[in-house]
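Overview (structure and organization)
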Amino acid sequence: MSMDSQDKRRNVGKKPTLIGSFGHAFQGIFYVLTSERNMKIHAFALIIVIITGLYVHLSQVEWCIILILIGAVMSLELVNTAIEKTVDLITDRYHPLAKIAKDAAAGAVLVMTIIAIVIGCMIFLPHILP
């Protein structure tokens, strides 16, 4: 099959509809949720945080902070996977720059996760401890 017919089949260069864009985004989220161990861990933590937040009756402001943190960690994990898969697409050999790209992306997730845990403790501990 020629490159032109492959491009047409994948609609390369064609702007997707709004609904199509959402569909692609949900496919990406689903892929990462089902295939990446760390995203599964983050999703499990998200469920625990939401259940605990409902149990301790977080304030509206506390919920806003928690939801922003959840969105930041989950979004960075999605971006991390995108970077890792892009690097893997470009080369299947070890290259120090590929390692740096992957490590830096993973580091961004780690930094945000640590910050989310610290802020989460600041929010939840006063509700849990006497």
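Residues numbered from 1 in each chain as written. Predicted model: local features only at pLDDT ≥ 70, side-chain atom pairs only at ≥ 80, totals over all residues. Heavy atoms only, no water.

Overview of the overall build of the protein
Across its full length, the protein holds five helices and zero strands. The N-to-C order of helical and strand elements in the protein reads α-α-α-α-α. For 130 residues, the compact-globule formula gives about 14 Å, and the C-alpha radius of gyration of the protein, at 19 Å, lies well above that figure. Principal-axis analysis of the C-alpha atoms gives the protein an extent of 70 × 40 × 20 Å. For the protein, with 130 residues in total, the buried portion stands at 22%. (Helix = DSSP H or I, 4+ residues; strand = E, 2+ residues; numbered from the N terminus. Rg over C-alpha atoms; globule rule 2.2 N^0.38 Å. Buried < 20%, exposed > 50% of the residue type's maximum accessible area, 1.4 Å probe, protein only.)

Comments concerning the packing of helix α2 (residues 18–35) against helix α4 (residues 60–90)
For the pair α2 and α4, interaxial distance at closest approach is 10 Å and the crossing angle is 85 degrees. Relative to α4, the element α2 is oriented roughly perpendicular. Counting all contacts with α2, which are made through Gly28, Ile29, Tyr31 and Val32, the residues of α4 involved are Leu78, Thr81 and Lys85. Looking at the contact of α2 with α4 residue by residue, the class counts come to four nonpolar, two polar and one charged. (Axes fitted to C-alpha atoms, helices over the stretch in contact; angles between N-to-C directions. Parallel < 35°, antiparallel > 145°, perpendicular 65-115°, else oblique. Contact = heavy atoms within 4.5 Å. Nonpolar A, V, L, I, M, F, W, Y, C, P; charged D, E, K, R; others polar.)

Side note on the pattern of salt bridges
By the definition in use, this model includes three salt bridges. Between Lys102 and Asp88 there is a salt bridge, with the nearest N and O atoms lying 2.5 Å from each other. With Lys102 in helix α5 (residues 96–128) and Asp88 in helix α4, this residue pair connects regions lying 14 residues apart in the sequence. Here Lys102 falls in the partly exposed class, since its relative accessible area comes to 25%. (Salt bridge = Lys/Arg side-chain N within 4 Å of Asp/Glu carboxyl O.)

Purely spatial values, then, with no claim about function.
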